[in-house]
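# Structural features, examined
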Amino acid sequence: MDSKLTASDNGRPPRRRSQAAASQWAVRLAYLLVFAVNVQCALSFAADPQSFVGAYQLQGAGSAGLAAVQGIGVAFLMWNCTYPAVIASPKRFFSLAVVVLVQQAVGLVGETVILLQLPAGYDVLTASVVRFIQFDAFGLVLMGTAFAWMAATNRRH
């Protein structure tokens, strides 16, 4: 029998064990990338809202516009509280990884609905919403692909 296919002490062939480990690392890295960008964005919005009020066409809104942008930052931080557990142990927190994917999909759908409802003439705001849609779509595909690989690898074992 090929040495790569001999059973290990836990009953799983080494090749399958390495695929399972690799798929878990793929989940960790995919979720970590999305988490890092989300937290960076959240902290930027919360700490320096003045830099972003223009992107949401809130200029002239004074402290209300700043509070709105800071609120987006806080919402981002809340949304990302689920990521660290998945990054630490994707197999253990499998169900939470599904929750993260659902959150990402909800964000993507919600942003798309907002975009479709924007009236003409809000070009700066439209561009801002489109950037969120692009990132959330990328994140959903990246995390979803890694998660699907891990789920398939786990199912085989």
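The rules we used
Residues numbered from 1 in each chain as written. Predicted model: local features only at pLDDT ≥ 70, side-chain atom pairs only at ≥ 80, totals over all residues. Heavy atoms only, no water. Patch = residues over 30% accessible without salt bridge, like charges linked within 9 Å, V, L, I, M, F, W, Y side chains within 5 Å. Areas by Shrake-Rupley, 256 points an atom, 1.4 Å probe, with all protein chains shown as cover. Salt bridge = Lys/Arg side-chain N within 4 Å of Asp/Glu carboxyl O. Helix = DSSP H or I, 4+ residues; strand = E, 2+ residues; numbered from the N terminus. Buried < 20%, exposed > 50% of the residue type's maximum accessible area, 1.4 Å probe, protein only. Lys, Arg positive; Asp, Glu negative; His and termini not counted. Contact = heavy atoms within 4.5 Å. Expected span 1.5 Å × (residues − 1). Arc of directions from axis to C-beta. pLDDT = per-residue confidence, 0-100. Core = buried A, V, L, I, M, F, W, Y, C linked by side-chain atoms within 4.5 Å.

## Thoughts on a nonpolar patch on the surface
Among the surface-exposed residues, Trp25, Leu29 and Leu32 lie close enough to one another that they form a single nonpolar patch of about 330 Å² accessible area. Here Trp25 is to be found in helix 1 (residues 14-47).

## Some thoughts on the side chain of Asp136
Note on placement: Asp136 falls in helix 5 (residues 123-156). Of the side chains with opposite charge, Arg131 comes closest to the buried, unpaired Asp136, at an N-O distance of 12 Å. In this view, Asp136 contacts Trp79, Gln104, Gly107, Leu108 and Glu111; residues no more than four positions away in its chain are not counted.

## Considerations on helix 2 (residues 63-79)
For helix 2, spanning 17 residues, the distance from its first C-alpha to its last is 24 Å, which sits close to the expected 24 Å at 1.5 Å a residue. Within the sequence span of helix 2, burial applies to Gly65, Val69, Gly73, Phe76 and Trp79. Down the axis, helix 2 shows its buried residues gathered within 125° of arc, on one side only. Along helix 2, the residues that are exposed and aim more than 90 degrees away from the buried face are Ser63 and Met78.

## Some points on the confidence of the model for the chain
Low pLDDT means the predicted coordinates in that region are not meant to be read closely. With 86% of its residues at a pLDDT of 70 or more, the chain shows a mean pLDDT of 89. Taking the mean pLDDT of every element in the chain, the minimum, 90, falls on helix 2 and the maximum, 98, on helix 3 (residues 83-88). Across residues 1-9 the pLDDT falls below 50, and counting only partners more than four positions away or on other chains, this stretch makes eleven contacts in the model.

## Some details on the nonpolar core
Core analysis: the biggest nonpolar cluster contains 17 residues, and Val27, Tyr31, Tyr83, Val86, Val100, Met143 and Phe147 have the highest contact counts within it. Sorting the residues of this core by element identifies helix 1, helix 3, helix 4 (94-117) and helix 5 as the ones contributing at least two each. Sorting elements by how many residues they give to this core places helix 1 first, with six residues. The contacts of Val100, once residues within four sequence positions are left out, are Tyr31, Thr82, Tyr83, Val86 and Met143. Within the second largest apolar cluster, 14 residues are counted, among which are Cys41, Phe45, Leu108 and Ile133.

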